[in-house]
Amino acid sequence: MSLFTYVHVALTTRLAELRRDGERGDSPVPTAVIIFGLVFVATIVTGLALAKAEDWMNGIPAHSNPTKP
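Residues numbered from 1 in each chain as written. Predicted model: local features only at pLDDT ≥ 70, side-chain atom pairs only at ≥ 80, totals over all residues. Heavy atoms only, no water.

This part takes up the overall build of the protein. When its secondary structure is counted, the protein shows two helices and zero strands. A burial count over the protein gives 0% of its 69 residues as buried. Element-wise, carbon and sulfur atoms account for 70% of the exposed surface of the protein, whose accessible area totals about 6,800 Å². (Helix = DSSP H or I, 4+ residues; strand = E, 2+ residues; numbered from the N terminus. Buried < 20%, exposed > 50% of the residue type's maximum accessible area, 1.4 Å probe, protein only. Areas by Shrake-Rupley, 256 points an atom, 1.4 Å probe, with all protein chains shown as cover.)

Time to look at the UniProt feature "transmembrane region" (unreviewed entry) in the protein. UniProt marks residues 32–51 with the feature "transmembrane region" (unreviewed entry), using the numbering shown here. Between the C-alpha atoms that bound residues 32–51 there is a distance of 29 Å. The span itself is 100% helix and 0% strand. (UniProt positions renumbered as here; feature names shortened; annotations may be inferred.)

Bringing a nonpolar patch on the surface into the picture now. A cluster of nonpolar side chains, contributed by Phe-36, Phe-40, Val-41, Ile-44, Val-45 and Leu-48, occupies part of the molecular surface with about 630 Å² of accessible area. Within the element layout of this structure, Phe-36 appears in helix α2 (residues 28–58). (Patch = residues over 30% accessible without salt bridge, like charges linked within 9 Å, V, L, I, M, F, W, Y side chains within 5 Å. Salt bridge = Lys/Arg side-chain N within 4 Å of Asp/Glu carboxyl O.)

What follows is about the packing of aromatic side chains. A full pass over the atoms with the stated rule returns one aromatic pair. Taken together, a centroid distance of 6.4 Å and an interplanar angle of 20 degrees make the contact between Phe-36 and Phe-40 stacked. Of this pair, Phe-36 and Phe-40 are both found in helix α2, four residues apart, which corresponds to roughly one turn of the helix. Note on Phe-36: relative accessible area 60%, which makes it exposed. On the accessibility criterion, Phe-40 (48% relative accessible area) is partly exposed. (Phe/Tyr/Trp six-rings, centres within 6.5 Å; stacked < 30°, edge-to-face > 60°.)

Here it is, written out as structure tokens:
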């Protein structure tokens, strides 16, 4: 019976501590919005870099292999 009493007291004490602690951090919604914004900007920057690299690669003159006759 003492094990049940110990578990009950420990659980009750922990729940009381959690209720008493008012500062629990920011809501997950603003964090999710910030992460979505960062992913969106990173996708745009990656797309622009890819387009710029493809334009640069397409601007290179035709290549001929010097080892083949």
